[in-house]
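# Secondary and tertiary structure notes
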Amino acid sequence: MKNLDRITINPNVCLGQPTVRGMRITVSVILKMLAGGKSMAEVLEAYPELEEEDVLQSLRYAAWVVSDQLEISA
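These remarks concern the structure in this document. No experiment lies behind these values; they were computed from the predicted model shown.

This part covers the environment of methionine 40. Within the secondary structure layout, methionine 40 lies in helix H2 (residues 40-46). Once the C-alpha coordinates of methionine 40 and glutamate 52 are considered, the two residues, twelve residues apart in sequence, prove to be 7.4 Å apart. Discounting residues that sit within four places of it in the chain, methionine 40 has contacts with Leu34, Glu52, Val55 and Leu56.

This is the structure in structure tokens:
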């Protein structure tokens, strides 16, 4: 997971949900925005403290979690 260095998990921040760089912006919020049809630009506009790489790593993190779940259930 070293290529996901912007995704942090801290039990004292957002109840331990994966967040971006320790901020109180969860990976799930970013993913829900994208899944709801928002563009990368709209996500970045809604959260100006985010950078493009934060959004990309959120997507990579989600892909990693899903692929890990698939391997476990197979």
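Now for unusual backbone geometry. Notably, cysteine 14 is not glycine yet its phi reads approximately 50°, a positive angle. Mapped onto the elements of the fold, cysteine 14 is located in the loop between strand S1 (7-8) and strand S2 (19-20). With a phi angle near 50°, arginine 21 is a residue other than glycine that sits in the positive phi range. Position of arginine 21 among the secondary structure elements: in the loop between S2 and helix H1 (27-35). Accessibility expressed as a relative area gives 35% for arginine 21, which makes it partly exposed.

Turning our eyes to something else, we now look at the side chain of serine 58. Looking at the secondary structure, you find serine 58 in helix H3 (residues 52-73). Polar side-chain contacts of serine 58 include one of 2.9 Å to the backbone oxygen of aspartate 54.

In this section: the pattern of salt bridges. Enumeration according to the criterion identifies four salt bridges in this entry. Put simply, aspartate 54 and arginine 6 hold a salt bridge, and the shortest N to O gap is 2.8 Å. Here arginine 6 lies in the segment before S1 and aspartate 54 lies in helix H3, a separation of 48 residues in the sequence. By the burial criterion, aspartate 54 is buried, and arginine 6 matches it. Two residues, arginine 60 and glutamate 53, come together in a salt bridge whose shortest N-O distance is 2.8 Å. Each member of the salt-bridge network shares a partner with another, and the members are Arg6, Arg21, Glu51 and Asp54.

Right, let's talk about the packing of aromatic side chains for a bit. The full count for this structure, using the stated rule, is one aromatic pair. Their ring planes at 40° and their centres at 5.9 Å tell us that tyrosine 61 and tryptophan 64 sit as a pair that is tilted. Remark: tryptophan 64 and tyrosine 61 occur in helix H3; sequence separation between them is three residues, near one turn of the helix.

Criteria and cut-off values
Residues numbered from 1 in each chain as written. Predicted model: local features only at pLDDT ≥ 70, side-chain atom pairs only at ≥ 80, totals over all residues. Heavy atoms only, no water. Helix = DSSP H or I, 4+ residues; strand = E, 2+ residues; numbered from the N terminus. Contact = heavy atoms within 4.5 Å. Buried < 20%, exposed > 50% of the residue type's maximum accessible area, 1.4 Å probe, protein only. Polar contact = N/O pair within 3.5 Å; in protein donor to acceptor, adjacent residues only side chain to side chain. Salt bridge = Lys/Arg side-chain N within 4 Å of Asp/Glu carboxyl O. Phe/Tyr/Trp six-rings, centres within 6.5 Å; stacked < 30°, edge-to-face > 60°.

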